[in-house]
Amino acid sequence: MAATDREEADAASTLDRRHAPLLLFENDGKTADGTTHHASDGDATLSFYSIPSKQLLRRRVAEMEGHRYWTTPQGWLLMASRTSPATFLWDPFTGARISLPPDRDGFLRGDDRPKRCLLSSNRVAAADQDCLVLVVDLANTVLWYCRLGNAGGKHDDGSRWLKHEYEFAAAGGAALDDVLWGMRSLTSVGGKFFMSLIDSVVTLDFSPAGAPLFAVIPADMNAARWRPPSGGVLTTELVESQGSLFCVSFSSSDLHMRFVAGIGVFKLDLAAQAWVRAESLGGRAFLVHDEFGASLDAEEVGLKGDCVYYCMPNDKGLYVHDMKRGTTALRDPGSCLGDHCSTKLLMPTC
């Protein structure tokens, strides 16, 4: 390993918050023929890359060995036991747990379809009855949700996971594939959830009573974005930052997204129903992953302000786009990692 790598073989219950945010490499090993293997294939040691300290860390995390888990922009992981219906939120940096209803329908522990997990509040507390945990099925028009701390009975959706099947037309899409793709960028802002389609923004609101409701707001994304190079593609990720909704747009030169030709950041102006180009991030750092986008106080966590940190699919590299300079730098987390790693982004909790 490189001189900056740190090996910790013994299983630990938590990660060191000083290293957050972290990239977790899920298939990090190299075999003799150059292929990769998953750490779960007989080796429970995981590789983490500390974005602020630029260190590659190797360690076992006991809690991750017996559970399936999904990341959230707020840092909490949704955990599902592999051997029982138990589910809970877990802070990988403090070890704190918040109990959730059991997964009696097996939508987490027995279903391998891709999912997105979101929390409706940035600051999560076990007694916060208004904080909703949402799981989005990215292959079907199905939502699962529950609320925290419902012992007092304020809501009827805290003692069990509730399932909601929606019509894709209600979500503002002309085609099913458009809506399912839009759901991949679903983001919480101010207690509601937002997704972006080509010519609109769709909100999803969970009121205390009744079914979740979709509302469509005209907001033409094409008016704000540039066109990709011939044969290229545009991809976007939504980011909540200080109560506002931003869109990070990547213009790639080819369909495989092997090279990003341009990056733009836009802020949603709800009053004008338009996306407005953002020239800076107000000193914050955006972290963009295909699972979610997030915003951090750059100085607080040791990152560079007005920069977009992002990962590419099936790529171990971390890219840093400086909005002021208009330049992008590549970081190689470690030569010991396979080039085609899948990653997860672990954010610090509030």
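The following refers to the structure shown. Worth saying up front: this structure is predicted, and the values here are computed from it rather than measured.

The helix and strand tally for the protein chain stands at three helices and 28 strands. Each of the 350 residues in the protein chain was classed as buried or not, and the buried ones make up 55%. Sequence separation of at least 24 residues holds for 49% of the intrachain contacts in the protein chain that already meet a minimum separation of 6. Working note: accessible area of the protein chain is about 15,700 Å², and carbon and sulfur atoms make up 48% of it.

Where burial is concerned, most of strand 17 (residues 200-205) is hidden: five out of the six residues are buried. Where strand 16 (residues 192-196) folds back onto strand 17 in an antiparallel hairpin, the turn is made up of three residues. Of the strand pairs in this sheet, strand 17 and strand 18 (residues 213-218) are connected by six bridges, and their pairing is antiparallel. For Leu204, the partnering residue across the bridge sits in strand 18 and is Phe214.

Turning our attention to the sheet that holds strand 16. Ordered in space as 15-16-17-18, the four strands form an open sheet in which the pairing is antiparallel. Single-partner strands in this sheet number two, and they are strand 15 (187-189) and strand 18. Neighbour to neighbour, the strand axes of the sheet diverge by 30° on average, direction disregarded. The pairing of strand 15 with strand 16 spans three bridges and is antiparallel. Within strand 16, the position partnered with Thr187 by the bridge is Phe194.

On to the environment of Arg59, then. Along the chain, Arg59 falls in strand 6 (residues 55-61). Here the alpha-carbon distance between Arg59 and Phe48, two residues eleven residues apart in the chain, equals 8.0 Å. Polar side-chain contacts of Arg59 include one of 3.4 Å to the backbone oxygen of Thr14.

If you look at the biggest cluster of nonpolar residues, it comprises 22 residues, and the most contacted ones within it are Leu23, Ile51, Leu287, Leu303 and Tyr309. When contributions to this core are tallied by element, the ones reaching two or more residues are strand 2 (22-25), strand 23 (284-288), strand 24 (293-297), helix 3 (298-301), strand 25 (307-311) and strand 26 (318-322). It is strand 25 that contributes the most residues to this core, three residues altogether. Those residues in contact with Leu23 that lie beyond four places of it in its chain are Ser47, Phe48, Tyr49, Ile51, Cys311, Leu318, Lys344 and Leu345.

Turning our attention to unusual backbone geometry. Ala20 connects to Pro21 through a cis peptide bond whose omega is 0°. Looking at the secondary structure, you find Pro21 in the loop between strand 1 (6-12) and strand 2. The phi dihedral of Gln273 falls on the positive side, at around 50°, and the residue is not glycine. Summarising the element assignment, Gln273 is placed in the loop between strand 21 (260-269) and strand 22 (274-277). Positive phi values are uncommon outside glycine, yet Asn314 reaches one of about 55°. Along the chain, the position of Asn314 falls in the loop between strand 25 and strand 26.

Counting through the fold element by element, Met323 comes out in the loop between strand 26 and strand 27 (327-331). Since its relative accessible area comes to 17%, Met323 is described here as buried. For Met323, the residues in contact, after removing those within four places along its chain, are Val265, Ala278, Glu279, Ser280, Leu281, Asp306 and Val308.

Our focus in this paragraph is the sheet that holds strand 12 (residues 132-137). In space, the four strands of this open sheet follow the order 11-12-13-14, with antiparallel pairing throughout. Lying at the two open borders of the sheet, with one neighbouring strand each, are strand 11 (115-119) and strand 14 (162-165). Direction aside, the axes of adjacent strands within the sheet are offset by 20° on average. Alignment of strand 12 against strand 13 (residues 142-147), held across five bridges, turns out to be antiparallel. Across the sheet, residue Leu134 finds its bridge partner in strand 13, namely Tyr145.

Applying the stated rule across the entire model yields twelve salt bridges. Glu63 serves as the salt-bridge partner of Arg97, at 2.8 Å between the closest nitrogen and oxygen. Taken as a pair, Arg97 in strand 10 (residues 97-100) and Glu63 in helix 1 (residues 62-65) lie far apart in primary sequence, 34 residues in all. Overlapping salt bridges, with partners in common, bring together Lys316, Asp332 and Asp339 in one network.

In this section: the pairing of strand 28 (residues 343-346). Here strand 28 shows two buried faces, one formed by Thr343 and Leu345 and the other by Lys344 and Leu346. Examined bridge by bridge, strand 2 and strand 28 share four bridges and lie antiparallel to one another. Paired with Leu23 across the two strands is Leu345, which belongs to strand 28.

Okay, the packing of aromatic side chains next. Per the counting criterion, the structure on display carries eight aromatic pairs. Ring centres of Tyr145 and Phe206 lie 4.7 Å apart, and the angle between their planes is 65°; on these two criteria the pair is classed as edge-to-face. Placement of the pair is Tyr145 in strand 13 and Phe206 in the loop between strand 17 and strand 18, with a sequence separation of 61 residues. Of the two residues, Tyr145 and Phe206, neither departs from the other in class, the shared state being buried. Relative to Phe286, the ring of Phe246 lies with its centre 5.4 Å away and its plane at 75°, an arrangement referred to as edge-to-face. Linking Phe246 in strand 20 (residues 244-252) with Phe286 in strand 23, this pair joins segments that are 40 residues apart in sequence.

What counts, and where the lines are drawn
Residues numbered from 1 in each chain as written. Predicted model: local features only at pLDDT ≥ 70, side-chain atom pairs only at ≥ 80, totals over all residues. Heavy atoms only, no water. Helix = DSSP H or I, 4+ residues; strand = E, 2+ residues; numbered from the N terminus. Buried < 20%, exposed > 50% of the residue type's maximum accessible area, 1.4 Å probe, protein only. Contact = heavy atoms within 4.5 Å. Areas by Shrake-Rupley, 256 points an atom, 1.4 Å probe, with all protein chains shown as cover. Pairing = 2+ DSSP bridges. Axes fitted to C-alpha atoms, helices over the stretch in contact; angles between N-to-C directions. Polar contact = N/O pair within 3.5 Å; in protein donor to acceptor, adjacent residues only side chain to side chain. Core = buried A, V, L, I, M, F, W, Y, C linked by side-chain atoms within 4.5 Å. Salt bridge = Lys/Arg side-chain N within 4 Å of Asp/Glu carboxyl O. Phe/Tyr/Trp six-rings, centres within 6.5 Å; stacked < 30°, edge-to-face > 60°.

Bear in mind that shape data such as this cannot, by itself, settle questions of function.
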